[in-house]
Amino acid sequence: MDRISKVSYFPGCSLKSSGADSNYALLSFLEKSGIEAKELKDWNCCGSSSVKGIDPELSDKLLGRNLSLAPEKMPMLSPCPGCHMKLRCKQKEYAQSPVKQKKFEKDQGKKFNPDLDVINFFDLVPQLEKEGAFKSQQKSLKGLKVAVYYGCMLSRPPILKNDSNYYGVMERIVKSLGGEPVPWSHSSRCCGTYLSAAKPEIVKRSVETIMSGALKGKADCIVTACSMCQLNLEMRAEKSKVPVLFFSDLISMAMGTSQRKNWLKRHLIDPSPGLIKKGIICKKAS
Amino acid sequence: MEKIEIKKDFLLKSVSETVKEKSGVNINSCWNCKTCTSGCSFSEEMDYHPHQILRMLQLGMVKEVLESETIWICVACSSCTMGCPQNIDMAAVMETLRLEAVEEKKVKDNDVHDFHKIVVESVEKYGKTHKLEVMMKYKIKKKDFFSDINIGLKMFQKRKLKILPPGSKKPGDLLTSVKGVL
């Protein structure tokens with residue numbers, strides 16, 4: 001495969017609000033790694049988990065519109081696992097069905113591009129690894145025990161069953177930064193997404209299971225692949241509390257200290273005491 | 001004997017045919033091996049486990065299924081789908097059941113459905129989701145003003161919730177051209 005050097009960029013609502021720092025960290029990292037990312041102009045919500053169940057027609061139009069905005073001859077990068085899954089499935093659905101393509105063209109007034117690749121940041125990892133992007137000068141996570149958390153990111157609907165999966169990608173990044181992924185049983189347990197708002201008691205019980213599992217695995221922190229998971233785990237943790245980092249935090253670490261200042265302050269469960277104890281950061285940086 | 005109320009659509013065709021038509025899933029290929037239930041993160045919170053829902057559908061117990069809590073606790077994470085040895089897309093079945101339940105007016109004062117409706121309003125208004133407004137509207141609808149106030153304030157303080165919807169820099173700049181398409 002050719003080196004990907006240019007992508008169009010779909011941030012999604014979360015990375016533009018609750019995950020603004022992650023977005024910034026990710027974009028600077030891409031820039032540093034020689035990948036040009038251009039945000040789609042006037043993109044709209046992917047429909048989140050809500051629209052499809054209320055109005056499937058609207059959901060189609062929202063996803064179709066985003067796909068129609070993507071420029072040709074470059075992949076579209078959507079780092080949020082939720083948006084990514086929906087966009088990728090819809091692209092594939094259209095690509096497989098001429099009838100649906102006609103519907104797309106009628107809805108969007110544009111020709112459907114069957115060659116568009118919708119990718120996640122994790123699809124870029126093999127290329128980045130080859131180029132040594134995660135090998136910072138020092139092993140920045142040395143001694144840190146990390147419980148890697150994928151949530152629902154590893155589960156896929158049948159339409160994507162032949163696509164490559166992301167098993168082990170975060171473990172590899174953690175290891176190459178000097179950290180130690182711990183074995184634990186909840187790495188692909190669902191975070192509860194919107195139930196955190198609609199039925200908080202359920203999510204509190206589930207998060208307690210996840211957090212106590214991480215403690216049992218002797219993890220110093222949990223690293224998530226999704227900003228929604230990160231937020232849910234932090235905000236619904238009551239009894240057992242382990243700091244939860246988003247994987248862009250790891251990326252910030254790979255990039256060196258200057259990027260760290262911002263994200264450390266934004267956590268609901270302060271990760272600095274643990275990180276100071278392990279010597280990952282010095283007191284001044286926190 | 002008590003009369004069992006069965007939906008017309010489901011009577012004209014068999015339940016399995018209707019589900020197949022709407023979700024593309026053949027529920028009759030289920031063995032009831034419970035893999036879906038063991039992989040489910042929230043099966044403990046459900047009134048019927050996922051494998052029970054499939055069995056009930058096979059038996060034509062449509063009313064009970066559409067009135068169950070289960071279909072609203074499922075967040076469609078697709079763990080069940082991934083694990084199924086019979087290739088049943090359970091998450092798609094659940095999605096179909098939620099739409100059916102709404103259509104059949106089996107949904108009253110449902111927290112999850114209310115939340116979804118508020119998100120859809122936000123998307124229709126701004127083209128994007130405005131998390132702060134969604135949360136506030138939901139709390140007002142549920143008349144629940146205090147349960148999450150501490151977390152809400154903390155999130156606000158940590159700049160995780162923003163006053164303006166995403167992508168807009170000033171208050172006048174709210175609507176995206178998404179309107180043209182919807």
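Here the structure is shown first, and the text comes after it.
Residues numbered from 1 in each chain as written. Chains lettered and ligands numbered in written order. Predicted model: local features only at pLDDT ≥ 70, side-chain atom pairs only at ≥ 80, totals over all residues. Heavy atoms only, no water.

(A) Highlighting the pairing of strand E7 (residues 221-224) of chain A. Residue and element names in this part refer to chain A. Alternating residues of E7 divide into Cys221 and Val223 and Ile222 and Thr224, and every residue in both groups is buried. Of the strand pairs in this sheet, E7 and strand E8 (residues 244-246) are connected by three bridges, and their pairing is parallel. Its bridge partner being in E8, threonine 224 is matched across the sheet by phenylalanine 246. The parallel pair E7 and E8, bridged by helix H11 (residues 227-235), forms a crossover whose chirality is right-handed. (Buried < 20%, exposed > 50% of the residue type's maximum accessible area, 1.4 Å probe, protein only. Helix = DSSP H or I, 4+ residues; strand = E, 2+ residues; numbered from the N terminus. Pairing = 2+ DSSP bridges. Right-handed = clockwise from strand over helix to strand, strands pointing away.)

(B) The arrangement of the pairing of strand E1 (residues 6-9) of chain A in detail. All names here are of chain A. Strand direction decides the pairing type here: E1 and strand E2 (residues 36-39), joined by four bridges, are parallel. By the bridge assignment, lysine 6 is partnered in E2 with glutamate 36. For E1 and strand E3 (residues 76-77), the ladder comprises two bridges, and the chain directions are parallel. Note on E3: the bridge partner recorded for tyrosine 9 is leucine 77.

(C) Representation of the side chain of A:Arg88. Residues and elements named next belong to chain A. Following the sequence through the fold, arginine 88 ends up in helix H5 (residues 81-96). A polar contact is formed between the side chain of arginine 88 and the backbone oxygen of valine 118, at a distance of 3.4 Å. With near-sequence residues (within four places) excluded, arginine 88 lies in contact with Val118, Ile119, Asp123, Leu160, Asp163 and Tyr166. (Polar contact = N/O pair within 3.5 Å; in protein donor to acceptor, adjacent residues only side chain to side chain. Contact = heavy atoms within 4.5 Å.)

(D) Here's a closer look at the nonpolar core. In terms of nonpolar packing, the biggest core is built from 85 residues, with A:Met76, A:Met211, A:Ile222 and B:Leu57 touching the most fellow members. In terms of domain composition, this core takes at least three residues from each of domain 1 (15-107) and domain 2 (109-182) of chain B. Look past the residues within four positions of B:Leu57 in its chain and what remains in contact with it is B:Val15, B:Val19, B:Ile27, B:Val65, B:Val93 and B:Leu97. (Core = buried A, V, L, I, M, F, W, Y, C linked by side-chain atoms within 4.5 Å. Domains from an automatic or database assignment.)

(E) Geometry of the side chain of A:Ser227. Tracing the sequence through the fold places A:Ser227 in helix H11. Classification of A:Ser227 as buried rests on a relative accessible area of 8%.

(F) A look at the sheet that holds E3(A). With parallel pairing, the four strands of this open sheet are ordered in space as E2-E1-E3-E4 (chain A). Both outer strands of the open sheet, E2 and strand E4 (118-119) of chain A, are each paired with one neighbouring strand and no more.

(G) Structural view of the packing of aromatic side chains. For the structure on display, the rule yields 15 aromatic pairs over all chains. Taken together, the ring pairs connect A:Phe29, A:Phe121, A:Phe122, A:Phe134, A:Tyr166, A:Phe246 and A:Phe247 into an aromatic cluster. Sitting above the plane of the A:Tyr166 ring, A:Arg156 keeps its charged end 5.0 Å from the centroid. A cation over an aromatic ring shows up here: B:Lys128 above the ring of A:Trp43, its NZ or CZ 4.4 Å from the ring centre. (Phe/Tyr/Trp six-rings, centres within 6.5 Å; stacked < 30°, edge-to-face > 60°. Lys NZ or Arg CZ within 6 Å of the ring centre and 35° of its normal.)

(H) Seen up close, the interface of chain A and chain B. On the chain B side, the residues contacting the 54 residues of chain A number 47 residues. Carbon and sulfur atoms supply 63% of the area buried between chain A and chain B, which totals about 4700 Å² over both sides. In this structure, the connection of chain A to chain B is made through four salt bridges. Notably, a salt bridge pairs B:Glu45 with A:Arg205, separated by 2.8 Å at the nearest N-O pair. One can count 11 residue pairs in polar contact (both at pLDDT 80 or more) joining chain A with chain B. Broken down by secondary-structure element, the contributors of at least two residues to the side of chain A that touches chain B are helix H1 (12-16), helix H3 (51-54), helix H4 (56-69), helix H6 (98-108), helix H9 (195-198), helix H10 (200-216) and H11 of chain A. The dominant element in the side of chain A that touches chain B, judged by the number of residues it contributes, is H4(A), at five residues. (Buried area = accessible area lost by both parts, 1.4 Å probe. Salt bridge = Lys/Arg side-chain N within 4 Å of Asp/Glu carboxyl O.)

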